[in-house]
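Fold and contact review
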Amino acid sequence: MDLASRYKGVVGLVFGDNPSNEDSYIQRLLDRISNGTLPDDRRTAIVELQSVVAESNAAQLAFGAAGFPVIVGILKDQRDDVEMVRGALETLLGALTPIDHGRAQKTEVHAALMNSDLLSREAENITLLLSLLEEEDFYVRYYTLQILTALLMNSQNRLQEAILTTPRGITRLMDMLMDREVIRNEALLLLTHLTREAEEIQKIVVFEGAFEKIFSIIKEEGGSDGDVVVQDCLELLNNLLRSSSSNQILLRETMGFEPIISILKLRGITYKFTQQKTVNLLSALETINMLIMGGAETDPGKDSNKLANRTVLVQKKLLDHLLMLGVESQWAPVAVRCMTFKCIGDLIVGHPKNRDILGSKVLGEDRQVEPALNSILRIILQTSSIQEFVAADYVFKTFCEKNSEGQTMLASTLIPQPHPTARDPIEDDVHMSFGSMLLRGLCSGEADGDLETCCRAASILSHVVKDNLRCKEKALKIVLESPMPSMGTPEPLFQRIVRYLAVASSMKSKDKSSTLEKSYIQQIILKLLVTWTADFPAAVQCFLDSRHHLTYLLELVTDSAATVCIRGLASILLGECVIYNKSIENGKDAFAVVDSVSQKMGLTTYFSKFEEMQNSFIFSPSKKPPQGHKPLTRTATPSEAEINDVDEADEKEKGNEDHPMLLSLFDASFIGLVKSLAGNIKERIVDLYSRPKSEVAVVPADLEQKSGEIEKDYINRLKAFIEKQCSEIQNLLARNAALAEDVASSGRNDQSQGSEQRASSVMDKVQMESIRRELQETSQRLETVKAEKAKIESEASSYKNMAAKLESDLKSLSDAYNSLEQANYHLEQEVKSLKGGEAPMKFPDIEAIKEEVRKEAQKESEDELNDLLVCLGQEESKVEKLTARLVELGVDVDKLLEDIGDESEAQAESEEDDH
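Residues numbered from 1 in each chain as written. Predicted model: local features only at pLDDT ≥ 70, side-chain atom pairs only at ≥ 80, totals over all residues. Heavy atoms only, no water.

As recorded in an unreviewed UniProt entry, the protein chain goes by the name Golgin candidate 6, listed as coming from Cardamine amara subsp. amara. Quoted verbatim from the Subcellular location (unreviewed entry) field of UniProt, the annotation for the protein chain is "Golgi apparatus". (UniProt positions renumbered as here; feature names shortened; annotations may be inferred.)

Right, here's the structure in full:
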């Protein structure tokens, strides 16, 4: 009763201390119901209570303060009195149903919400209501379902918890699906709300045979031609499948996908699409899309389930029904066709087999047959709906993504047809190839200046050439005839598209009123050019073959009337002419393009275009990805006008300069490409501006004297090298001065202070990189000189050591010669003494022997001396050359020799001390 007391406090706060007439009247009626002795009087009182509570917000508040215990008591204790139970349930329903807010005052308390909160706080009350579903009386079950639905609307979490904790709670609700139609519909509506974001309840509902009962009701109601009950069934089905791979697997392996696919079959008069039929088809397509997606992103089995679902869906001929509904059925609403194209795209993305099946599909009858891709292209070029164009474009995006064979197949049909003499509509020739139709669409707006069809064809061509070098080369070789041969010469397709970009710019400047309507034509054409030129130098060469192209692109980047996206994409295309430029022709190389940019706007302003684009609505990382159709419910069912015109709301969205549909066309892969190119362009331009045009690798080998090169030529070559280095340094200084002036001028612009500060950091990086490279080159030269000096000093030291060794050898030979002379003298003295003391004997001729020995020793000494003199002469010549080289390098040779001599003397003295 504390809760009731608190509730009375709220009533008192609203109505004051004195109870209102409604409050006192409600209290008297409750007294008659609870304390009355006559059954008729009690039934009359509950009928009156029901009427008052259903019409007055104040009466609902008064009832909530004291009425619930009385009514709950009737439901518990008076089950046999059916009229009282009915009255009690109707009174409860009235107390939980909000009064029309148009009649209620804004300051009034929302009594229905408060009553729902009060009733749902006691789990026993929910259990009591669920038990009433087993009563035989039709109205008891009917009112009970309505009360549960009202509680679910106002107190969803509590009701879900109470039903889960009630034994057979879900089972009783599922049994209601097999009841009479009215009760079945109420139970269906209740289960639809109950299964939203309630995984445990979803599992129990599926276990109770929900799939069989749902498809049974859909079939009974007539499929897509049925009424709102079919929509409720599909909504319940979607709740069960949306985030559960296990439920999808269960459906695939039990009933299969045929029941849901059969809903897409058009029956009866195919051109009659009522609003409800359209909503039913959209709900069925939403179910198909869920199966294609495979479950929640966090589900570990999503990928394998997705692959299995897609394979089975195509095996069950889903593609045929989708193509019939989206392509061949001309009377289908735009929303249905758009959702159909989305399902086709999702069905083939990342699935090579399904992709090939779509590529082989043909539509039409008898002789009027053509490939399905041709039919979809025809819709893109003809439809008046932007959303249908975007949806059909998604089919080609998914078909060409990582499908080089499919791209090559489509590109192989790019064969120019003779220019028609009359304006032949594209739809008149179903036998036209895909490529011919695409080229016809690219050139269709030249006569009347309407480039809508051209830009749509350009979008398809961007998918065909994306990341495929062969297709880029094939498209680049296409040469188109002039519409009037007498007025012009044939020109390449690439240059024709650049010309259309200029035409679109001039048309936009003339017609200011159609800015929003046509604000995507230039962006889509620029997307094609950026995609085509990426990593393809031949396209850059083709672009620069005409000087007007570069001039126009510079004007477009600086055009204040262009949108941020247009200026940014034009800057990217301009940067591609730098990073993919392989030309060495003067005026067309990368340096010429960078110089043109610097002279036209300055690199600060140029780099700022990248940042502006990346912070824009289209490229901002914080923007939400474009969402598909919101889950269709009774409260979110679109009106017929919204179904037939799904473009209007998008066109007015937030008043952006760039059309919102670009969110879908500029997908994550293209945005990633643009951001990657922006970074590469900055690095390349910094590299070009911080290095001389003629890149010279300063290596030690360039400073060494070549073999056979005389000193004069060597010195002249070194002088030329130094002069070239000085010239390049002056060039760098001039460039840095221009950059500094650009930074200084940009710093004075207060209006663009923020973006200029960001851009100036880039220019600081340019200057720092330039200074760093100059220091690196200077340090390289200094290291080279030091290495040469060290090498020369090392050679001089080795030659000195060699000379000292030779002198030592010469001294040892001289000592040996002197010892021989002394030995000879002693021998002569001994011979003389022998001659004087003894009789003459016959001795060998000593003098002859001595003379012979002396001559041989002298000869050997002279030979060794000659060799030593020759070696000394050679070494002295080398020393003279090294001395001259050291003098040229600014080294004091005398001082160097004195230092070497001092070191030798010190070493000799240390050796003597050791001995």
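Once you've had a look at it, read on.
1. Notes on the overall build of the protein chain
Broken down by element type, the protein chain carries 42 helices and four strands. Of all 915 residues assigned to the protein chain, the portion counted as buried reaches 47%. At a minimum sequence separation of 6, the contacts of the protein chain that also span at least 24 residues come to 74%. When the accessible area of the protein chain is evaluated, it comes to approximately 46700 Å², of which 52% is carbon and sulfur surface. (Helix = DSSP H or I, 4+ residues; strand = E, 2+ residues; numbered from the N terminus. Buried < 20%, exposed > 50% of the residue type's maximum accessible area, 1.4 Å probe, protein only. Contact = heavy atoms within 4.5 Å. Areas by Shrake-Rupley, 256 points an atom, 1.4 Å probe, with all protein chains shown as cover.)

2. A word on the pattern of salt bridges
Tallied over the full model, the rule gives 33 salt bridges. Its salt-bridge partner being Arg32, residue Asp41 comes within 2.9 Å of it at the nearest N-O pair. It is possible to trace a salt-bridge network through shared partners that takes in Asp40, Arg43, Asp81 and Glu83. (Salt bridge = Lys/Arg side-chain N within 4 Å of Asp/Glu carboxyl O.)

3. With respect to the side chain of Lys213
Inspection of the secondary structure assignment puts Lys213 in helix α13 (residues 210-221). One buried charged residue, Lys213, forms no salt bridge at all, with the nearest opposite charge on Asp175 at 4.6 Å. In this structure, Lys213 is in contact with Met174, Leu177, Met178 and Glu208, ignoring residues within four places of it in sequence. (Lys, Arg positive; Asp, Glu negative; His and termini not counted.)

4. A look at the packing of helix α3 (residues 39-55) against helix α5 (residues 82-96)
Between α3 and α5, the shortest axis-to-axis distance is 8 Å and the interhelical angle comes to 15°. Between α3 and α5, the angle is such that the two are roughly parallel. Taken as a pair, α3 and α5 cross one another with a handedness that is left-handed. Between α3 and α5, the residues in contact are Arg42, Arg43, Ile46, Leu49, Gln50 and Val53 and Glu83, Met84, Gly87, Ala88, Glu90, Thr91, Gly94 and Ala95, respectively. Partitioning the contact of α3 with α5 into residue classes produces six nonpolar, four polar and four charged. (Axes fitted to C-alpha atoms, helices over the stretch in contact; angles between N-to-C directions. Parallel < 35°, antiparallel > 145°, perpendicular 65-115°, else oblique. Left-handed = near helix turned anticlockwise from the far one by under 90°. Nonpolar A, V, L, I, M, F, W, Y, C, P; charged D, E, K, R; others polar.)

5. Thoughts on the packing of aromatic side chains
As enumerated under the stated definition, the model contains twelve aromatic pairs in all. Centroid distance Tyr139 to Tyr143: 5.9 Å. Interplanar angle 35°. Geometry classified as tilted. Of this pair, Tyr139 and Tyr143 both sit in helix α8 (residues 138-154), four residues apart, which is roughly one turn of that helix. Its guanidinium or amino end placed over the ring of Phe273, Lys277 lies 4.9 Å from that ring's centre, counting from NZ or CZ. (Phe/Tyr/Trp six-rings, centres within 6.5 Å; stacked < 30°, edge-to-face > 60°. Lys NZ or Arg CZ within 6 Å of the ring centre and 35° of its normal.)

6. Observations regarding the packing of helix α4 (residues 57-77) against helix α7 (residues 123-131)
The interhelical angle for the contact between α4 and α7, taken along N-to-C directions, is 45°, at an axis separation of 11 Å. By the angle class used here, α4 and α7 are oblique. Seen from above, α4 lies across α7 with left-handed handedness. Of the residues in α7, those in contact with Val72, Leu75 and Lys76 of α4 are Glu124, Asn125, Leu128 and Leu129. Classifying every residue of the contact of α4 with α7 by side-chain character gives four nonpolar, one polar and two charged.

7. Points about unusual backbone geometry
Here the phi dihedral of Lys402 falls at roughly 55°; this positive angle occurs in a residue that is not glycine. Along the polypeptide, Lys402 turns up in the loop between α23 (386-400) and α24 (404-411). For Lys402, a relative accessible area of 79% gives the class exposed. Positive phi, close to 55°, is recorded for Asp535, a residue that is not glycine. Structurally, Asp535 can be placed in the loop between α29 (521-533) and α30 (537-544).

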